[in-house]
Amino acid sequence: MSSNKFKHVFSLCAVSEYYTNGICDDFIVEPNQATVILMKRLNLLWRHSGSYLEMFAELDSQGQPCAKLPVATTLGFVLRLANPDFLPFCDLSPMAGLAAPVFSDNDSGGGEGDLLRLQPVSRRQWGSARLAVETPAANEVFVLPEAPLAEAEARHVIVSDGANATVKAVDTRNRRVTVDTSGARPGAGFTLSYPVRPKRPRDSFAEIEITVDDHLLQSRVSAGRPRLYQIPWAVASVRWCYYLLTDPSGDVGRLHVVDVTPGSANRIVFGSTGRVDLSQTPDGTDAVALALAHRFGGRKIVRFMSDAAVACRQAPATILELRVGQNCLLPALPLPSVPHRVRLGDVWVRHCYQVITMLVN
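The paragraphs below set out a description of the structure included in this document. (Residues numbered from 1 in each chain as written. Predicted model: local features only at pLDDT ≥ 70, side-chain atom pairs only at ≥ 80, totals over all residues. Heavy atoms only, no water.)

1. Things to note about the overall build of the protein chain
Broken down by element type, the protein chain carries 3 helices and 25 strands. Relative to the 2.2 N^0.38 estimate, which gives 21 Å for 361 residues, the radius of gyration of the protein chain is 29 Å and therefore markedly larger than a compact globule would have. For the C-alpha atoms alone, the extent of the protein chain along its principal axes is close to 90 × 65 × 30 Å. Burial status across the protein chain gives 43% buried among its 361 residues. (Helix = DSSP H or I, 4+ residues; strand = E, 2+ residues; numbered from the N terminus. Rg over C-alpha atoms; globule rule 2.2 N^0.38 Å. Buried < 20%, exposed > 50% of the residue type's maximum accessible area, 1.4 Å probe, protein only.)

2. Regarding the side chain of K300
Considering the arrangement of structural elements, one finds K300 in strand 20 (residues 300–305). A distance of 3.3 Å separates the side chain of K300 from the side chain of D277, its partner in a polar contact. (Polar contact = N/O pair within 3.5 Å; in protein donor to acceptor, adjacent residues only side chain to side chain.)

3. Topic: the pairing of strand 3 (residues 44–49)
Two elements, strand 3 and strand 4 (residues 52–58), share 6 bridges in a ladder whose sense is antiparallel. Residue pairing for strand 4: H48 is matched across the bridge by L53. (Pairing = 2+ DSSP bridges.)

4. Here we look at the side chain of E207
Position of E207 relative to the elements: it lies in strand 15 (residues 206–212). Looking at E207, the relative accessible area reads 12%, which means it is buried. Beyond its immediate chain neighbours, meaning those up to four positions away, E207 contacts F77, P101, V102, F103, R123 and P201. (Contact = heavy atoms within 4.5 Å.)

5. So, the pairing of strand 14 (residues 189–196)
Among the 8 residues in strand 14, 6 count as buried, and that is most of the element. One ladder, built from 8 bridges, connects strand 9 (residues 125–132) with strand 14; its direction is antiparallel. Bridged to S128 within strand 14 is S193. Of the strand pairs in this sheet, strand 11 (residues 158–160) and strand 14 are connected by 3 bridges, and their pairing is antiparallel. Bridge pairing links S160 to T191 in strand 14.

6. A short note on the sheet that holds strand 8 (residues 120–122)
Within the open sheet, the 5 strands sit side by side as 2-5-15-6-8. Their pairing is mixed. Looking at which strands have only one partner, the edges of the open sheet turn out to be strand 2 (27–31) and strand 8. Direction aside, neighbouring strands of the sheet carry axes that sit 35 degrees apart on average. Two elements, strand 6 (residues 101–104) and strand 15, share 3 bridges in a ladder whose sense is parallel. Residue pairing for strand 15: F103 is matched across the bridge by I208. (Axes fitted to C-alpha atoms, helices over the stretch in contact; angles between N-to-C directions.)

7. With respect to helix 1 (residues 33–41)
An α-helix turns once per 3.6 residues; consequently, residues spaced three or four apart project the same way. Of the positions making up helix 1, those classed as buried are T35, L38 and M39. Taken around the axis of helix 1, the buried residues stretch over an arc of 100 degrees, which confines them to a single face. More than 90 degrees from the buried face of helix 1, the exposed residues found are Q33, I37, K40 and R41. Those residues of helix 1 that are buried lie in contact with strand 2, strand 3, strand 4 and strand 5 (73–81). Taken from the residues just after helix 1, N43 is the one with a positive phi, measuring 60 degrees. (Arc of directions from axis to C-beta.)

8. Description of unusual backbone geometry
Here R175, not a glycine, exhibits a phi torsion of approximately 60 degrees, which is positive. Residue R175 is classed as partly exposed on the basis of its relative accessible area of 31%. Of note in the backbone geometry, A332 takes a positive phi value of approximately 50 degrees without being a glycine. Topologically, A332 is positioned in the loop between strand 23 (327–330) and strand 24 (340–344).

Here's what the structure looks like:
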């Protein structure tokens, strides 16, 4: 690809603070089929470069984009999950309740800068019904072909193309709509447009919508650098937990886990309230402890739980020691594993854990 004939307009990539370099390779971005066709018609090219999807505009003999977009045009992309193992480390709460999540620059504040971070919203989708007045009445009832959104109201339904009709009520459960057709003639047709539950594209994790127009193309060509659209994935914060498997005798009251990471300003604290001798005070809701007790009957099991949740990191620079009083018993404890969701007492807790074995007999 000649750099004189094409100019880099924008790039798309996923990012996460979980990774040391910030780049998240766990997702693949691809244009949907309609966008592939549209870009070909507009002389726009795309390619994958590592974790990035890059879009280029072809230039004419005057060095201007061949594409002419006086009206804003939306390009659609599909975000596919390539590595399901990443999800436990990810905070997916921003996508909770979104039937068909879409990362859109229209819903992310726009902007003129080089970098724009996209946030998920629920994609809007509309159903349509062509209806005809049977017997004009103040409350004529029609059955819709597709169920409206559960929260849809009469004010959300648009009447067009024909009869003098006004929507008065929507029964979302039974797909019925009540319309005032008293001012229309029998047989008069009209169209109803109403919000429906959006469908997520097959095998997609989410969608992406990028708006392009003449201003974006020309400004990027003039600047000589592309805009970068980032899809940020927040990291999950989980409690760190250690299970100490040791001999049945001995006082565990002086045992504690200490964060000795050099220069750390945010040390992980394992307080006394998080230390529980499960041999003396069993926790019937802790599945990990129950499995250890079943496998290692007669051994003492001590649980050390961090006071607060810790943000997940690919390579946390954390050094923990198991101490008895001020004396180091086990240096450089192994870091906990993949996060799990467990029930402890009356609450569900996301935690990652590690089992430590310290046996004399």
